[in-house]
Amino acid sequence: MSMDLPAAPKSHGKVIPKLYPEDKILEEAERLINAIKQPERWTIEHCKTIAAYTLEINELKKQKDVYLIAHSYQTPDIIYGVADEVSDSYSLSKSARDAEQKIILFSSVRFMAETAKILSPNKLVIHPSPEAGCSLSESITARDVRELKKKYPGVPVACYINTTAEVKAEVDVCVTSSNYLKICENLPGDKLIFVPDRFMGEHLQKSLAGKKDVVIYDGVCEVHALFTGEKILSWRERANEAGIDLQVLSHPECSADVLEESDFIGSSEVLIKESIRLGSEGKNNIMLITECGTADRVLAETNDEMNIIGTCVMCRHMKTTLLEDILQSLREPRDDQIIRLDQEVIEKAKFSLEEMFRYAEI
Ligand code: 13P
Ligand code: SF4
């Protein structure tokens, strides 16, 4: 049994990189192939075709004082070729807040780049793919939150970080997949409103039962919603029949039946760390119930032999960005690649993010 990973993205060739001597291209291609560690999918020939892009991007980053942040679901050429930092949404928010460079380039979906702008409002924040959205962030508007607050006056509102800046500006605190349980448990009162992820909300309702009432909303992640408990169960049965001790690790954006069938639940970064830890203990038959980029990172960052079982789902939004888009936006960002937010929205949204840092680090 082996994992069905999508093919490496193909260049769409709309941006031509600088010319580099053959020996430099070969050296960079070797650096890439050694870092990505999937030589069948990321062949030396393919790495040679992307080497000029990574070389020029890394030069421009230095020249222009740019910090390039990438979410774990970005493709390995971005993560291992050009990113200064890669992690989950909580850690990346902190990195965006603390970056010393003048410019942040966020290779990810729109809400993450907006979060960087809210936390570092005086920096230029570049988002190479303005069309890269998120089904969760599109499921709720600031007006929807205002209506909920009217319906439940005085009840604290927590929102998942996968939301627009305008939604963050309406709530009391933001949370991420690595801290939603802790933060919601510690909010004052015996009731809270949680938006927009219904599955995470249901997980909260179950975990806080008897302590707090949780009012939930109806958004879902279109990627994680595709997994079912039934499918995991049948993978488990097949693995058992083959004498394989399967470790099922899932992201909390999955439905309750998936989480019930899982051995471990965590943010993208936590899932990667736990997979690597399990591999180092010889428990290397791993099933990752999440976006495909998670497995790419496990394969690149472990020194142990891993048997990643089952399939993964690709996020079309996360995978929108190509090296070409990063190069073009670094050379000369288009107006729609620069994050601009209303000052009042920044100030209110910043409060809910700062509350997240405060509660998460209690
Ligand atoms: P984390 O990386 O914070 O786990 O979040 C995953 C996600 O929603 C990205 O779309
Ligand atoms: Fe949004 Fe889901 Fe894609 Fe994350 S994986 S960006 S939650 S659609």
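Residues numbered from 1 in each chain as written. Chains lettered and ligands numbered in written order. Predicted model: local features only at pLDDT ≥ 70, side-chain atom pairs only at ≥ 80, totals over all residues. Heavy atoms only, no water.

1. Digging into the packing of helix α4 (residues 89-98) against helix α5 (residues 110-119)
Here comes step 1: The interhelical angle for the contact between α4 and α5, taken along N-to-C directions, is 40°, at an axis separation of 8 Å. Along this stretch, α4 crosses α5, giving a crossing that reads as right-handed. Only M112, T115, A116 and L119 of α5 make contact with α4, whose side of the interface consists of S89, S93, A96 and R97.
Here comes step 2: In terms of residue class, the contact of α4 with α5 is made up of four nonpolar, three polar and one charged. (Axes fitted to C-alpha atoms, helices over the stretch in contact; angles between N-to-C directions. Helix = DSSP H or I, 4+ residues; strand = E, 2+ residues; numbered from the N terminus. Left-handed = near helix turned anticlockwise from the far one by under 90°. Contact = heavy atoms within 4.5 Å. Nonpolar A, V, L, I, M, F, W, Y, C, P; charged D, E, K, R; others polar.)

2. Side note on the packing of α4 against helix α15 (residues 343-360)
Here comes step 1: Closest axis-to-axis distance for the α4/α15 pair is 12 Å, and the angle between their directions is 115°. With respect to the hand of their crossing, α4 and α15 are arranged in left-handed fashion. Of α15, the residues touching α4 (which contributes Y90, S93, K94 and R97) are M356, F357 and A360.
Here comes step 2: When grouped by side-chain class, the residues that make up the contact of α4 with α15 number four nonpolar, one polar and two charged.

3. A word on the site of ligand 2
Here comes step 1: With respect to spatial proximity, the complete set of residues near ligand 2 consists of Y73, C134, S135, L136, N162, C221, V223, E253, C315 and H317.
Here comes step 2: In this structure, ligand 2 is accommodated by the largest cavity.
Here comes step 3: Residue classes in the shell around ligand 2 are distributed as six nonpolar, three polar and one charged. (Near = heavy atom within 4 Å. 1 Å grid on protein atoms, 1.4 Å probe; cavity = no way out; pocket = protein on both sides within 12 Å on 5 of 7 lines; lining within 4 Å. Sits in = over half its atoms within 2 Å of the grid points.)

4. Quick word on empty space enclosed by the protein
Here comes step 1: Here the structure, examined in full by the defined rule, presents two cavities of 30 Å³ or more.
Here comes step 2: The volume enclosed by the largest cavity comes to roughly 230 Å³.
Here comes step 3: For the largest cavity, the lining is made up of 24 residues, of which Y73, F111, N162, E253 and M318 are closest to its centre.
Here comes step 4: Here the residues of the lining of the largest cavity are counted per class, giving 10 nonpolar, 10 polar and four charged. (Points joined across faces, edges and corners; volume = space filled by probe spheres on them.)

5. Description of the packing of aromatic side chains
Here comes step 1: In the structure shown here, the tally under the stated rule is one aromatic pair.
Here comes step 2: With centroids separated by 5.8 Å and ring planes inclined at 55°, the aromatic side chains of Y90 and F357 adopt a geometry described as tilted. Of this pair, Y90 sits in helix α4 while F357 sits in helix α15, and the two are 267 residues apart along the sequence. Of the two residues, Y90 and F357, neither departs from the other in class, the shared state being buried.
Here comes step 3: For the cation-ring pair, R238 lies above W235, with the distance from its terminal atom to the ring centre recorded as 4.5 Å. (Phe/Tyr/Trp six-rings, centres within 6.5 Å; stacked < 30°, edge-to-face > 60°. Buried < 20%, exposed > 50% of the residue type's maximum accessible area, 1.4 Å probe, protein only. Lys NZ or Arg CZ within 6 Å of the ring centre and 35° of its normal.)

6. Brief notes about the site of ligand 1
Here comes step 1: Near ligand 1, the surroundings consist of 13 residues, among which H71, S89, S177, E253 and S268 are the closest.
Here comes step 2: One nitrogen or oxygen atom from the side chain of S89 is found 2.4 Å from an oxygen atom belonging to ligand 1.
Here comes step 3: Burial of ligand 1 by the protein chains amounts to 96% of its free accessible area of 300 Å².
Here comes step 4: Using a 2 Å cut-off from the grid points, one finds that ligand 1 occupies the largest cavity.
Here comes step 5: For the shell around ligand 1, a count of residues per class yields four nonpolar, seven polar and two charged. (Polar contact = N/O pair within 3.5 Å; in protein donor to acceptor, adjacent residues only side chain to side chain. Areas by Shrake-Rupley, 256 points an atom, 1.4 Å probe, with all protein chains shown as cover.)

7. Some points on the pattern of salt bridges
Where charged atoms from two side chains of opposite charge come close, those side chains can pair.
Here comes step 1: Per the counting criterion, the structure on display carries 29 salt bridges.
Here comes step 2: Notably, a salt bridge pairs K48 with E45, separated by 3.5 Å at the nearest N-O pair. Of this pair, K48 and E45 both sit in helix α2 (residues 44-64), separated by three residues, roughly a single helical turn.
Here comes step 3: For K48, a relative accessible area of 27% translates into the label partly exposed.
Here comes step 4: A salt bridge links E185 to K211, with the nearest nitrogen and oxygen atoms 2.7 Å apart. One end of the pair, E185, is in helix α8 (residues 180-186); the other, K211, is in the loop between α9 (198-207) and β8 (213-216), and 26 residues separate them in sequence.
Here comes step 5: The partly exposed category is assigned to E185, whose relative accessible area is 38%. (Salt bridge = Lys/Arg side-chain N within 4 Å of Asp/Glu carboxyl O.)

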